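Understanding the architecture of this molecule
So you can see what is in the structure, the chains are spelled out below.
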Amino acid sequence: MNRTIELVKTIYEIKQLETFEEPQIALAGRSNVGKSSLVNRLAGRKQLAKISSKPGKTRSLNYYKVNPDGYFLVDLPGYGYAKCSKTERDKWAKLIERYITTAEQLKAVVVLLDSRIPPQKIDLELTSYLRSMGIPVIPVLTKADKPKQRDLAKLQGQWKDILQHDRLPLAFSSKTGRGEEKLWDILGEYAR
Ligand code: GDP
């Protein structure tokens with residue numbers, strides 16, 4: 001299908017949060033996990049979302065409309081950047097929490113996980129928080145072109161166990177396009 005992704009709104013503060021009628025799927029992940037690259041890959045464009053060589057720079061929440069399907073992908077600010085202040089981190093946590101607790105049309109959260117590293121505490125905290133809120137987690141292992149395939153398979157198994165899911169997390173690469181079609185299918189399933 002010929003899909004387009006259009007940036008509809010960018011916000012920086014809780015008070016700017018808006019309610020949309022359309023189904024929404026949020027994208028979350030530690031900064032530098034490859035979230036902007038994934039959005040650009042899905043958009044088929046190099047520059048829709050800013051790719052940062054400096055991690056921790058993007059602090060905004062971006063609403064993208066997926067056409068012609070009509071649902072939103074909501075790009076949440078990257079978290080867990082070690083060098084940012086506690087105030088900054090608290091601000092992030094509050095914005096995310098408010099978004100998650102108020103977005104009535106939120107269907108699922110895609111949690112991006114770096115395929116080169118073992119499960120991180122902050123990712124476990126987010127996934128268990130979402131679980132406690134009854135929000136489905138769609139785990140996606142990014143940069144899947146990087147690790148040895150044996151290590152990748154092992155990590156997929158680990159995440160499957162942690163999340164108590166029936167299927168393995170999706171291996172995705174913005175570089176090669178691996179997992180892209182599958183991700184569209186999964187998003188479509190949840191956005192219905
Ligand atoms: P964000 O901070 O989560 O938005 O991450 P970015 O999309 O800015 O990516 C962080 C870094 O990882 C950049 O240097 C990207 O070029 C690199 N990167 C992102 N996705 C991939 C991927 O699929 N494969 C490889 N090899 N590198 C990637």
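Per an unreviewed UniProt entry, the recorded name for the protein is Probable GTP-binding protein EngB, and the organism is Pseudodesulfovibrio portus. Under the UniProt heading Cofactor (unreviewed entry), the note attached to the protein is "Mg(2+)". In its Function (unreviewed entry) section, UniProt records this for the protein: "Necessary for normal cell division and for the maintenance of normal septation."

What follows deals with the overall build of the protein. When helices and strands are tallied, the protein shows five helices and seven strands. Across the protein, helices and strands are ordered from the amino to the carboxyl terminus as β-β-α-β-β-α-β-α-β-α-β-α. Across the 192 residues in the protein, those meeting the buried criterion constitute 45%. In the protein, the proportion of contacts linking residues at least 24 apart, taken out of those at least 6 apart, comes to 73%.

Let us now look at the environment of G134. Among the secondary structure elements, G134 is positioned in the loop between α3 (121–132) and β6 (137–142). Separated by 26 residues in sequence, G134 and A108 have C-alpha atoms that sit 9.4 Å apart.

Summed over all chains, the structure comprises 10 salt bridges. A salt bridge links D69 to R3; its shortest N-O distance comes to 3.2 Å. Of this pair, D69 sits in the loop between β3 (61–67) and β4 (72–75) while R3 sits in the segment before β1 (4–11), placing them 66 residues apart in sequence. Where R167 meets E189, a salt bridge forms, and the shortest distance between an N and an O atom there is 3.5 Å. Placement of R167 in the loop between α4 (149–163) and β7 (170–171) and of E189 in helix α5 (residues 180–191) is noted, with a sequence separation of 22 residues between them. R167 sits in the partly exposed class, given a relative accessible area of 41%.

Looking now at the packing of aromatic side chains. All told, the structure shown has four aromatic pairs when counted by the stated rule. Where Y63 meets F72, the ring centres are 6.4 Å apart and the plane angle is 85°; that geometry is what we call edge-to-face. Given the relative accessible area of 2%, F72 is considered buried. Three or more aromatic residues joined by ring pairs make a cluster, and in this case those are F20, Y63 and F72.

Glancing now at helix α1 (residues 35–43). Burial analysis of α1 places seven of its nine residues in the buried class, the great majority of the element. Here α1 has its buried residues at K35, S36, L38, V39, N40, L42 and A43. Trailing α1 by a residue or two, G44 shows a phi angle of about 65°, which is positive.

Among the 15 residues in the neighbourhood of the ligand, the closest are listed as N32, K35, S36, S37 and D145. Separating an oxygen atom of the ligand from a backbone N or O atom of V33 is a distance of 3.2 Å. K175 is positioned with one of its backbone polar atoms (N or O) 3.4 Å from an oxygen atom of the ligand. Taken by itself the ligand offers 580 Å² of open surface, and the protein chains cover 80% of this.

This next bit is on the packing of α3 against α4. Close contact between α3 and α4 brings their axes to 11 Å; oriented N to C, the two are set at 40°. Judged by the angle between their axes, α3 and α4 are oblique. Where α3 crosses over α4, the two elements pack in a sense that is right-handed. Residue-level inspection shows D123, L124, T127 and R131 of α3 in contact with α4, the latter providing W159, I162 and L163.

Once that is clear, we can look at the environment of V111. As for its placement among the helices and strands, V111 is situated in strand β5 (residues 106–114). Counting along the chain gives 16 residues from V111 to T127, while the straight-line C-alpha distance between them is 7.7 Å. Once residues lying within four places of it in the same chain are set aside, the contact partners of V111 are A28, Y79, L126, T127, L130, V137, I138, P139 and V140.

Criteria and cut-off values
- Residues numbered from 1 in each chain as written.
- Predicted model: local features only at pLDDT ≥ 70, side-chain atom pairs only at ≥ 80, totals over all residues.
- Heavy atoms only, no water.
- UniProt positions renumbered as here; feature names shortened; annotations may be inferred.
- Helix = DSSP H or I, 4+ residues; strand = E, 2+ residues; numbered from the N terminus.
- Buried < 20%, exposed > 50% of the residue type's maximum accessible area, 1.4 Å probe, protein only.
- Contact = heavy atoms within 4.5 Å.
- Salt bridge = Lys/Arg side-chain N within 4 Å of Asp/Glu carboxyl O.
- Phe/Tyr/Trp six-rings, centres within 6.5 Å; stacked < 30°, edge-to-face > 60°.
- Near = heavy atom within 4 Å.
- Polar contact = N/O pair within 3.5 Å; in protein donor to acceptor, adjacent residues only side chain to side chain.
- Areas by Shrake-Rupley, 256 points an atom, 1.4 Å probe, with all protein chains shown as cover.
- Axes fitted to C-alpha atoms, helices over the stretch in contact; angles between N-to-C directions.
- Parallel < 35°, antiparallel > 145°, perpendicular 65-115°, else oblique.
- Left-handed = near helix turned anticlockwise from the far one by under 90°.

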